[in-house]
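# Descriptive analysis of the structure
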Amino acid sequence: MRIGVLGTGGMADALAAHWVRAGHEVAIGGRNAHKAQRLATRLGRGAKPAGLRAAAEFGQVVLAALPFAAGARVVRELRTALDRKVLIDCSNPVGPGFALLTQGGPSAARQLAAAAPGTHVVKAFNLCHEDVWRMSPPVFDGRPLAVPVCGDDETALALVHQLVRHAGCEPVAGGGLERAGLLEATAALFIGLWVGEGADVQAIAPPLACAAGPGREEPGEAGRAAVPGC
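Keep in mind that this is a model prediction, so the values were computed, not measured.

A separate point is helix H8 (residues 154-166). Each α-helix winds once per 3.6 residues, and so residues spaced three or four apart point in a common direction. Across its 13 residues, H8 extends 18 Å between first and last C-alpha, which sits within 8% of the 18 Å expected from 1.5 Å per residue. Within the sequence span of H8, burial applies to Ala-156, Leu-157, Val-160, His-161, Leu-163 and Val-164. One side of H8 carries all its buried residues, which in axial view fall inside an arc of 165°. In H8, the exposed residues that point more than 90 degrees away from the buried face are Glu-154 and Thr-155. Its side-chain oxygen placed 3.2 Å from the backbone nitrogen of Thr-155, Asp-153 serves as the N-cap of H8. At the C-terminal side of H8, Gly-168 shows a positive phi close to 85°.

This is the structure in structure tokens:
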């Protein structure tokens, strides 16, 4: 598929590298032509530099690899070029002290959707540092990284799920776009624990088999054995 990338920073680089390797056509869009050219050259495999509007027009799917502070403004400027397209938001509205900058207001993803009402916004790729996305593939203890994906349009979600798999990861249905704020809050919490506390966030959650509690019985299933280790 054709993928337009808005931005020339680390997330643009890391994710676009997977997609050009998978055979997708990629246009790197930036306000700085030199940076867009440099990134397209580094990616190779036919990736081409472009301006922001040209990249938005090029892509069937467009990655908004933009800082939260600039995202809505840039998307508003490009709303006609983005009409009816799939727009992936990977931003995290996290500020000093690991505070969630959207507290009490719409999520970053919702702000992009409001800036370009004809666009199908999908939230994905926001929970990990860019260096995780540079891994080829991101696999830990033999398991591909799971990537929650939130959006309202089934066709858009299917395309993003495909791109998650082409990054070597496993998509997880995260619900509608109204749940994007939960993903962003999770990122704020995780970043605060990882960076601020040096905590192993992966150790927080129990195994799936134990998530509902050890040895719980459903009605009519008396005597069901407890899962070992729970």
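Attention shifts here to the packing of aromatic side chains. All told, the structure shown has three aromatic pairs when counted by the stated rule. With a centroid separation of 5.9 Å and an interplanar angle of 70°, the aromatic rings of Trp-19 and Phe-125 are classed as edge-to-face. Of this pair, Trp-19 sits in helix H1 (residues 10-21) while Phe-125 is found in the loop between strand E6 (120-123) and helix H7 (130-133), placing the two residues 106 residues apart along the sequence. By relative accessible area, which is 1% here, Phe-125 ends up buried. Above the ring of Phe-58, the side-chain terminus of Arg-2 is found at 6.0 Å from the ring centroid.

This part is about the sheet that holds strand E10 (residues 170-173). Pairing is mixed across the open sheet formed by eight strands, whose spatial order is E3-E2-E1-E4-E5-E6-E9-E10. Each end of this open sheet is capped by a strand with a single partner; those strands are strand E3 (48-50) and E10. On average, each strand axis in the sheet is tilted by 30° relative to the strand beside it, whichever way the strands run. By the bridge criterion, four bridges tie strand E4 (residues 61-64) to strand E5 (residues 86-89) in an arrangement that is parallel. Residue pairing for E5: Val-61 is matched across the bridge by Val-86.

Further remarks concern the nonpolar core. By size, the foremost hydrophobic cluster in this structure holds 39 residues, and its most contacted members are Trp-19, Ile-28, Ile-88, Phe-125 and Trp-133. When residues in this core are grouped by element, the largest group, eight residues, is from H1. If sequence neighbours within four positions are ignored, Trp-19 has contacts with Ile-3, His-24, Val-26, Leu-63, Ile-88, Phe-125, Leu-163 and His-166. Grouped together as the second largest cluster of nonpolar side chains are 24 residues, Leu-6, Leu-52, Leu-82 and Ala-113 included.

What counts and how
- Residues numbered from 1 in each chain as written.
- Predicted model: local features only at pLDDT ≥ 70, side-chain atom pairs only at ≥ 80, totals over all residues.
- Heavy atoms only, no water.
- Helix = DSSP H or I, 4+ residues; strand = E, 2+ residues; numbered from the N terminus.
- Expected span 1.5 Å × (residues − 1).
- Buried < 20%, exposed > 50% of the residue type's maximum accessible area, 1.4 Å probe, protein only.
- Arc of directions from axis to C-beta.
- Polar contact = N/O pair within 3.5 Å; in protein donor to acceptor, adjacent residues only side chain to side chain.
- Phe/Tyr/Trp six-rings, centres within 6.5 Å; stacked < 30°, edge-to-face > 60°.
- Lys NZ or Arg CZ within 6 Å of the ring centre and 35° of its normal.
- Pairing = 2+ DSSP bridges.
- Axes fitted to C-alpha atoms, helices over the stretch in contact; angles between N-to-C directions.
- Core = buried A, V, L, I, M, F, W, Y, C linked by side-chain atoms within 4.5 Å.
- Contact = heavy atoms within 4.5 Å.

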